[in-house]
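Architecture at a glance
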Amino acid sequence: MELHVKDIIQWLEKTNEKIQLNKDYLTALDQAVGDSDHGINMSRGFHEVVNQVKTKDYTTVSDVLKDTAMILMSKVGGASGPLFGTAFLRFSMGVKGIDPINQDAFTKGLEDALAGIMQRGKATTGEKTMVDVWSPVVNYFKVTTNVQADEVTQTAKQAMEQTKEIMATKGRASYFKEKSIGHIDPGAASSFYIFEALSEVIKGEG
Amino acid sequence: MKKIMNDPNRVVQDMLAGMIAAYPNELKQIPATTAITRSEAPVSGKVGLVSGGGSGHEPAHAGYVGKGMLDAAVVGEVFTSPTPDQIYEAIKAVDGGKGVFLIIKNYTGDVLNFEMAMELAEAEGIQVDKVIVNDDVAVEDSSFTIGRRGIAGTVFVHKIAGAIAEQGATLEEVKTVAEKVVNQTRSMGMALTPCTVPAAGKPSFHLEENEMEIGIGIHGEAGIERKPITTADEIASELTEKILTDMDLNNNEEVAVMVNGLGSTPEMELYIVNKKVNQLLTEKGIHIYKTFVGEYMTALEMTGCSVTLLKLDDELKTLLDATSEAPAFRN
C-alpha cells in the first residue's frame, strides 16, 4: 500500500460519511453506557475536519493529519475530542517527513496513535474502550506483510463487537459496572468506522 | 421544554455576554473563546488559578472568577467539557510568571481536556500543576471506576486555593493546600425532578411524582437509589450520615457546611435541610465554623440539593475567611 495526501483526505471523507450516517446509532450506544452525546460530538468534529481539509493545499500527509487532530480536539469535546485528537496528532508526528506513506510508515503512525490514546486515557486493553479496537488493528498491521483491505474491516469489526462482552472499567461507563455488559462501546464503534473507511481507501488504491 | 432563551445552540455565548455586561469592571472574555478572566489578568507574581467545565452549573465556574478566587474559568457547552485549545488560551492569559494551577472536577472529559491543555502549555514553557476534585461520596471510589465525581465541594477548593494564591504562595504551596481541601471535603446530593439540556430538549431522566433519587450527580447521572420522597429531616440525615461515614471527623473538630441548591429548590427548603444538618452535627459534638446556604453548584433547573462538609483547621479557616471579590462569592 502507498497512501498519498489525496488518499488520506479520502479516508477522512469516508469516515465522515459513516459517522454522519450512524450519528443516531452512536448516540444511542452512548445513551446506554454514557452521557448520550457521542454521535452528536463525533459528527460535529468530522464534519468540520472534512470542511476544513478540503479548502487547503497540503503537500504532506503529516500536515493533513495534524490539522485533523487540532480540529477534532477543538470541535468534538467530551472525552472523545482529546482522545481522537491525540491519536491523529501522534499519527501525524509518527509519519512526519515520509511521503507518500507505505505500510511500514502507516503501521508506525498507527502504533504511535494507539500509544497516545492509551497514555491520554490511562487505558489498556480489556477495559471496554476504543483501545480494544485500535489495539488488534495495530497488531494486524504489524504482523501482516501484505495488508488486505477486507481483513482490516474484519479485524476492526470483530474487535468492536467483542467490546459488548466486556465490563467497563474506564470512562463514564465504568459507573454502570456489570450493566455495561451487553452494550458495544461507543468509542469502539466510531473507531470501527475509521478503520472501515481506511479499508475502503486501501481497496480503491490497491 | 420551556426555557428563557433565544436559541438552544447559543445559550452559552448569550450567557457569557450577559455576565460580562453585568460585571464589566470585574470580568472579561478572552476573544474568540468561552473563557472568562478577571479584568486585571494576568496578575504578575501570582499563581494563576483556572477552573471550568461544562456550563449549566452556574454560578460555577465563571461566578467564582475574581480577586481572592479564580483567575479564569473556561466554560464548555452545557454539561460538556471545554476543549483543550480554550483551556490553553485561559492558561496563557492568567500566567503571571509564577505558574498556573488547574482545578478540575473528576469527570473523564474534564480530566482529559484539562490535562491535554496542561501539556500544550508546558510545551510552551508555562509551569502548570493541577488538583482533581472528587468529593461526591455517592459514587464508589475504586480502581474499577474512574472514581468519585466532583460536585459542590469544588467551590471550597476554589475559595481556599484562591485565597492562598492571592497571598503570593508558590505553585507547590497552592497545590498542597488544594489537595488538603480535596482530602477533607465530602458531598452528596439528591433530586426531586430532572433537568433538561437545552440542545436535547427533553429531560435527561424521569422521576415519578412521589419519587426522589439519592446520590444523584450534577448532570443527572444515576445515584444510589430511587425511592418515595420523605421528609426534609430524613433527607438531610441520609445525606449527612453517608458523608460522615466516609469522613474522619472527631468530637470537637470544626467543619464548614454547604447546603447547595441544584437550581430549582426554594431557599426556604435549603434552610429546612440546613436546620437538620446543623442539629445532627451539633449532637455529634462537631463544631460548625461557618455555613453556606444557597446555589453554588447547580444542575440547570434540577430540583434538589446537596450537602457538603469541609473539615477545617486553623490554616483552612483563615483562608476560608479571606476576602473574595468573585461575583458569586463575596467575602
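Residues numbered from 1 in each chain as written. Chains lettered and ligands numbered in written order. Predicted model: local features only at pLDDT ≥ 70, side-chain atom pairs only at ≥ 80, totals over all residues.

An unreviewed UniProt entry annotates chain B as phosphoenolpyruvate--glycerone phosphotransferase originating from Oceanobacillus polygoni. Within the UniProt record for chain B, the comment given under Function (unreviewed entry) is "Dihydroxyacetone binding subunit of the dihydroxyacetone kinase, which is responsible for the phosphoenolpyruvate (PEP)-dependent phosphorylation of dihydroxyacetone via a phosphoryl group transfer from DhaL-ATP." (UniProt positions renumbered as here; feature names shortened; annotations may be inferred.)

Taking an unreviewed UniProt entry as the reference, chain A is identified by name as phosphoenolpyruvate--glycerone phosphotransferase belonging to Oceanobacillus polygoni. Quoted straight from UniProt, the Function (unreviewed entry) entry for chain A says "ADP-binding subunit of the dihydroxyacetone kinase, which is responsible for the phosphoenolpyruvate (PEP)-dependent phosphorylation of dihydroxyacetone. DhaL-ADP is converted to DhaL-ATP via a phosphoryl group transfer from DhaM and transmits it to dihydroxyacetone binds to DhaK." According to the UniProt record, the Pathway (unreviewed entry) comment for chain A is "Polyol metabolism; glycerol degradation."

1. What about the pairing of strand E10 (residues 254-261) of chain B?
All names here are of chain B. Among the eight residues in E10, seven count as buried, and that is most of the element. With seven bridges joining them, E10 and strand E11 (residues 287-294) adopt parallel strand pairing. For valine 259, the partnering residue across the bridge sits in E11 and is valine 293. Once you follow E10 into helix H7 (residues 267-283) and on to E11, the crossover reads as right-handed. Here E10 runs beside strand E12 (residues 303-312); their pairing, made up of eight bridges, is antiparallel. Each residue of the ladder has a partner; that of valine 257, found in E12, is leucine 309. (Buried ≥ 20, exposed ≤ 12 C-beta atoms within 10 Å, placed from the backbone. Helix = DSSP H or I, 4+ residues; strand = E, 2+ residues; numbered from the N terminus. Pairing = 2+ DSSP bridges. Right-handed = clockwise from strand over helix to strand, strands pointing away.)

2. Here's the deal with the domain arrangement of chain B
All names here are of chain B. Split by domain assignment, chain B resolves into domain 1 (8-183 + 321-330) and domain 2 (185-313). For domain 1 versus domain 2, the separation of C-alpha centres amounts to 23 Å. The interface is formed by 23 residues belonging to domain 1 together with 29 residues belonging to domain 2. Taken together, the elements giving at least two residues each to the side of domain 1 that touches domain 2 come down to helix H4 (154-166) and helix H5 (171-183). With three residues, the single largest contributor to the side of domain 1 that touches domain 2 is H4. Here the side of domain 1 that touches domain 2 is composed, by residue class, of 14 nonpolar, five polar and four charged. (Domains from an automatic or database assignment. Contact = placed C-beta atoms within 7 Å. Nonpolar A, V, L, I, M, F, W, Y, C, P; charged D, E, K, R; others polar.)

3. Points about the sheet that holds strand E5 (residues 100-105) of chain B
Residue and element names in this part refer to chain B. Judged by pairing direction, the sheet is mixed, and its six strands sit side by side in the order E1-E2-E4-E3-E5-E6 without closing on themselves. The two strands at the open ends of the sheet, each matched to only one other strand, are strand E1 (27-29) and strand E6 (128-133). Each adjacent strand pair in this sheet contributes to an overall mean axis angle of 25 degrees, direction not counted. Pairing of strand E3 (residues 48-55) with E5 involves four bridges; the strand directions are parallel. Looking across to E5, one finds that glycine 48 is bridged to valine 100. The strands touched by helix H3 (residues 108-123) are E3, E5 and E6; relative to E5, the strand with the most contacts, the crossing angle is about 165 degrees. (Axes fitted to C-alpha atoms, helices over the stretch in contact; angles between N-to-C directions.)

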